[in-house]
Amino acid sequence: MNAIAKFTPASIKHTLVVASIALVGTFTTTTTWAQALSLSDSILPQQSGQQSGQGAGAQEQVEDTPRADWRSGTYGPVSLPQQNPDELPPFGANLFTGGFRGAMGDGLNPDYRIKPGDQVTVRAWGAFEFDRVLPVDAQGNIFIPGSGPLNVEGQSSQQVDNSVRSAITSVYPDNVEVYTNLQGVQPVAVYVTGYVENPGRYAGTPNDSLLYFLDQAGGIDQDLGSYRQVRVVRNDTTVATVDLYDFLLNGSIARPQFQDGDTIVVEERGPAIAVGGDVHREHRYELIGNQLSGAELVNLARLKSGVSHVLLRGDRDDGPIAQYFPIDLFAGQIIRSGDEVLFSADQRSETIVVEVEGSYYGPSRYALPRDARLSELLDAIAVPENMTAVESISIRRESVKEQQAQSLEDSLRRLETTYLGAPSNTNEEASIRIQEAELIQDFIARASELEPSGRLVVAHDGRISDIRLQDGDVVTIPEISDSMLISGEVLVPQAAVYRPGMSVIDYIEGAGGFTERADDDHILIVRQNGAVENAYNVNLRPGDEILVMPAAPTHNLQLASTITQILYQVAVATKVAIDL
């Protein structure tokens, strides 16, 4: 009986029941959930249980704001911002950061086609001895002694080998071995123009990639250039048209063999759409033509998991449209130039996840019905007997943390605006204000680095508010403590054993007394449940923290008052007495 206690101060009857809650998400309501656990006693102290059962009037006393931020997990955003397609980077904007210009090819791949100016090594031994590097002349021929000119222009290296072998063996049919190798290729100069960053004439080899020449020109103009219409022009004729989306998505790209004087032309960007929301990359996507299907866009955008809906905004002949589709119906929709498409994970789960920390038995995370309340969770948790501070339960909530951080930021901004921009009437006043400005700036910098705890006080005067839980809540069930923590502006911050009858001043004197910066009129008591109270006329309890606040080092009464208020705000949100 002394190992596990039912979580209620009034009764210790039940043993570990936490396993029963593991599949609580299968219950449709908190009522059936509680009945399934066969809970006959309330987790809350008797007063709190009565309060929660008094009907609507009692519920009005429950502070249940702010609501959870449903944008976590599978919850979609409440609203999606409108964005201009021209403000998004184009799909493929990072293509020319990979160093194509530093990887010049040698042109010696099996598909390379011989052209005038190239050099071919020919070796023969046996009945006919020959070893020479033969240039390809202007007519595309190489000259083999004893065989005469041999045309190799336009042939691959394998075809050249076969041609040379046939030419030599036709004269020396017996006991002759032949070896050929493409010694080098004629460099080419290619013009790169159109919508690129640095149009010009760039050197390379015939088999260098189109990306190599584009990268030398600084890449495609992100505002005006097309990633889908890149032409290779030779003698006023387009010999290849490259769609870089094929390379970005599938790794495939046309590999035209360049000739000296070729021109790469990047056309003007075509129609585009803006894609944002729950996608891995928000981009401006260029269209081939003026439209594409929803299925084609999904393939381009690479959606995040959990996407359930699509918002389509744009203009049509009969006026602006704004339509919201389930993802399975979006595939058949037609997307047109100028449209904005926003994907979102917008399905609301009926289950929330709550974490428990502190002194308890069982798992640390629970899947609960969406409308579950604190009492229902606590009634299903077993705790060590005579070791748990039931009256000091608290909740850490992300939305409260965000509000505390925003409130502190607003206070610091007002302080900075009010006192750093105030004029000075005399030189003496100006000197004082300079000193105060340095003080304020240092104080603001250090206060801005503090992170609020997001602690929500739910226990007060032996009662626990039966609030509705929110997704991501962390319920703290503290262990009974025998110590007191003395911190802030004391000479030796320390933990001391709680002794009944000792006063706040007694503990402070035991910690060496006040520092010179201490404000002995402002001493706070931080309870285990997160509540903060003034130290005077407060009965100390085990587990309390005595927090001695610093005094504002200024003779400006208004400034001192403002800084003192912020110091209190910091102490409540972070349990830290920041030193000025």
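Residues numbered from 1 in each chain as written. Predicted model: local features only at pLDDT ≥ 70, side-chain atom pairs only at ≥ 80, totals over all residues. Heavy atoms only, no water.

Novice: I'd like a description of the overall build of the protein chain, backed by residues and values.
Specialist: In terms of helices and strands, the protein chain carries 13 helices and 31 strands. For the protein chain, the proportion of its 580 residues judged to be buried stands at 45%. Contacts in the protein chain between residues at least 24 apart in sequence constitute 66% of all its contacts with a sequence separation of at least 6. Working note: accessible area of the protein chain is about 29,100 Å², and carbon and sulfur atoms make up 47% of it. (Helix = DSSP H or I, 4+ residues; strand = E, 2+ residues; numbered from the N terminus. Buried < 20%, exposed > 50% of the residue type's maximum accessible area, 1.4 Å probe, protein only. Contact = heavy atoms within 4.5 Å. Areas by Shrake-Rupley, 256 points an atom, 1.4 Å probe, with all protein chains shown as cover.)

Novice: Any details on the pairing of strand β16 (residues 319–326)? Residues and values, ideally.
Specialist: Taken together, the eight bridges between strand β15 (residues 309–316) and β16 define a ladder with antiparallel strand orientation. What sits directly across from R313, in β16, is A322. Here β15 folds back onto β16, and the loop between the two strands holds two residues. (Pairing = 2+ DSSP bridges.)

Novice: Provide a residue-level description of unusual backbone geometry, including the pertinent values.
Specialist: Note on backbone geometry: most residues besides glycine have negative phi, and most peptide bonds are trans. Despite not being glycine, D236 shows a phi value in the positive range, around 65°. In this fold, D236 is placed in the loop between β9 (225–234) and β10 (237–242). Note on D236: relative accessible area 79%, which makes it exposed. Although it is not a glycine, R302 adopts a positive phi angle of roughly 55°. Among the secondary structure elements, R302 is positioned in the loop between α7 (294–301) and β15. Judged by relative accessible area, which is 39%, R302 ranks as partly exposed.

Novice: Outline empty space enclosed by the protein, supporting the account with residue identities and numerical values.
Specialist: Rolled over the atoms, a probe as big as a water molecule pinpoints where empty space is left. Inspection of the entire model under this criterion finds two cavities of 30 Å³ or more. If you trace the second largest cavity, you find it lined by P90, F91, G225, Y227, Y245, R269, R284 and E286. Among the residues forming the lining of the second largest cavity, the class breakdown is four nonpolar, one polar and three charged. (1 Å grid on protein atoms, 1.4 Å probe; cavity = no way out; pocket = protein on both sides within 12 Å on 5 of 7 lines; lining within 4 Å. Points joined across faces, edges and corners; volume = space filled by probe spheres on them. Nonpolar A, V, L, I, M, F, W, Y, C, P; charged D, E, K, R; others polar.)

Novice: Describe the packing of aromatic side chains, naming the residues involved and giving the relevant values.
Specialist: Geometry of an aromatic ring pair is reported as the spacing of the ring centres plus the angle between the planes. Counted by the stated rule, this structure contains eight aromatic pairs. With centroids separated by 5.3 Å and ring planes inclined at 75°, the aromatic side chains of Y212 and F213 adopt a geometry described as edge-to-face. Here Y212 and F213 have matching classes, each one buried. Among the aromatic residues, those joined into a cluster by ring pairs are F91, Y245 and Y285. (Phe/Tyr/Trp six-rings, centres within 6.5 Å; stacked < 30°, edge-to-face > 60°.)

Novice: Could you give an account of the environment of S308, with specific residues and numbers?
Specialist: Relative to the helices and strands, S308 is located in the loop between α7 and β15. In contact with S308, other than residues within four places in its own chain, are F325, P326, I327, S344, A345, D346 and Q347. Separated by 2.8 Å, the side chain of S308 and the backbone nitrogen of D346 make a polar contact. (Polar contact = N/O pair within 3.5 Å; in protein donor to acceptor, adjacent residues only side chain to side chain.)

Novice: Tell me what's going on with the sheet that holds strand β7 (residues 188–194), and back it up with residues and numbers.
Specialist: Overall, mixed pairing links the five strands, which are arranged β8-β7-β11-β9-β10 in an open sheet. Where the open sheet ends on each side, the last strands, each with one partner, are β8 (200–204) and β10. The average undirected angle you get between the axes of adjacent strands in this sheet is 30°. Judged from the five bridges that link them, β9 and strand β11 (residues 263–268) form a sheet pairing that is antiparallel. Bridge pairing in β11 links V230 to V266. (Axes fitted to C-alpha atoms, helices over the stretch in contact; angles between N-to-C directions.)

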